Amino acid sequence: RQKSRHGTYLLPTITKSGSPTHPSYPAGHANSAGACATILKIWLDPHATRCWPGYIVEADRSGLNLKNYTGPEFEGAPIPNDKKENCLTVTGELNKLAHNVAMGRDFSGVHWRVDDVNGIRLGEKVAIHYMQNELDRQPECASRKFKSFDGDFVYITKSGCDPEYESIL
């Protein structure tokens with residue numbers, strides 16, 4: 001069926017030039033997104049929240065309009081956004097941003113999901129290593145804690161300092 005429709009057994013891509021000539025794994029955009037989001041999570045307050053008035057919304061089936069989100073856990077009732085658990089957090093928004101940047105390349109046929117997920121993790125490791133080196137260059141003790149893309153807390157502390165010492169860089 002693919003051969004009769006497109007004249008080839010290869011899957012079509014979004015561009016006429018076809019797939020890029022670079023390797024797929026790991027995704028470069030995902031590396032950059034993971035590293036940038038991790039640096040921001042380290043520097044910004046991870047507990048900062050933003051509660052919007054009104055209800056949490058989602059796109060309707062057409063994608064052109066917004067409607068109140070009514071998840072199965074709320075039995076069809078709109079979810080009010082006045083509770084702490086319904087607020088947006090810096091960490092959550094940065095994680096979504098990184099994944100959106102990484103996954104956008106999948107839709108154009110350039111990468112696979114595994115390229116993105118592992119690319120983000122690789123970018124996170126690069127950022128952690130970079131921040132560890134920066135902390136070690138500082139004259140005073142400092143440490144930071146943030147939540148990784150996998151949901152685990154990561155602690156970065158200047159070498160030779162008490163790991164319990166927490167400061168904002």
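Residues numbered from 1 in each chain as written. Predicted model: local features only at pLDDT ≥ 70, side-chain atom pairs only at ≥ 80, totals over all residues. Heavy atoms only, no water.

A. The arrangement of the pattern of salt bridges in detail. Applying the stated criterion across every chain, the model contains three salt bridges. The shortest N-O distance in the salt bridge between K96 and E93 comes to 2.7 Å. Highlighted residues: K96 and E93, both in helix α3 (residues 90-107), separated by three residues, approximately one helical turn. Look at K96 and you get partly exposed, because its relative accessible area is 45%. E93 sits in the partly exposed class, given a relative accessible area of 32%. (Salt bridge = Lys/Arg side-chain N within 4 Å of Asp/Glu carboxyl O. Helix = DSSP H or I, 4+ residues; strand = E, 2+ residues; numbered from the N terminus. Buried < 20%, exposed > 50% of the residue type's maximum accessible area, 1.4 Å probe, protein only.)

B. Main features of the side chain of S148. Counting through the fold element by element, S148 comes out in the loop between β5 (143-147) and β6 (153-157). Residue classification places S148 among the buried positions, given a relative accessible area of 5%. Contact partners of S148, with chain neighbours within four places excluded, come to K41, N95, E124 and V154. (Contact = heavy atoms within 4.5 Å.)

C. View of the packing of α3 against helix α4 (residues 113-137). One way to put it is that α3 packs onto α4 with a least axis distance of 9 Å and a crossing angle of 150 degrees. Between α3 and α4, the crossing angle belongs to the class labelled roughly antiparallel. With respect to the hand of their crossing, α3 and α4 are arranged in right-handed fashion. Contacts from A98, H99, A102, M103 and D106 in α3 reach R113, D116 and I120 in α4. Partitioned by chemical class, the residues of the contact of α3 with α4 number four nonpolar, one polar and three charged. (Axes fitted to C-alpha atoms, helices over the stretch in contact; angles between N-to-C directions. Parallel < 35°, antiparallel > 145°, perpendicular 65-115°, else oblique. Left-handed = near helix turned anticlockwise from the far one by under 90°. Nonpolar A, V, L, I, M, F, W, Y, C, P; charged D, E, K, R; others polar.)

D. Main features of the packing of helix α2 (residues 28-43) against α3. Relative orientation of the contacting elements α2 and α3 amounts to 170 degrees, with a least axis distance of 8 Å. When the axis of α2 is compared with that of α3, the two are roughly antiparallel. Residues H29, A30, A33, A37, L40 and K41 of α2 pack against T91, L94, N95, A98, V101, A102 and R105 of α3. Class assignment of the residues belonging to the contact of α2 with α3 gives a composition of eight nonpolar, three polar and two charged.

E. Seen up close, the state of the cysteines. Throughout the structure, instances matching the rule amount to one disulfide. The disulfide partner of C141 is C161, and the gap between their sulfur atoms is 2.1 Å. For the disulfide bridge between C141 and C161, the dihedral angle about the S-S bond is near -80 degrees, and by the sign convention the bridge is left-handed. You can see C141 sitting in the loop between α4 and β5 and its partner C161 sitting in the segment after β6, a full 20 residues away along the chain. (Disulfide = S-S within 2.5 Å.)

F. Highlighting α2. Between its first and last C-alpha atoms α2 spans 23 Å; for 16 residues at 1.5 Å apiece the expected length is 22 Å, and the two agree. Those residues of α2 not exposed but buried are A30, A33, G34, A35, A37, T38, K41 and I42. In this fold, the buried residues of α2 make contact with α3, α4, β5 and β6. (Expected span 1.5 Å × (residues − 1).)

G. Structural context of the pairing of β5. Looking at chain direction, β5 and β6 are connected through five bridges and run antiparallel. When the sheet's bridge partners are listed, K145 is paired in β6 with Y155. The hairpin turn running from β5 into β6, its antiparallel successor, is five residues long, and G151 in that turn takes a positive phi close to 95 degrees. (Pairing = 2+ DSSP bridges.)

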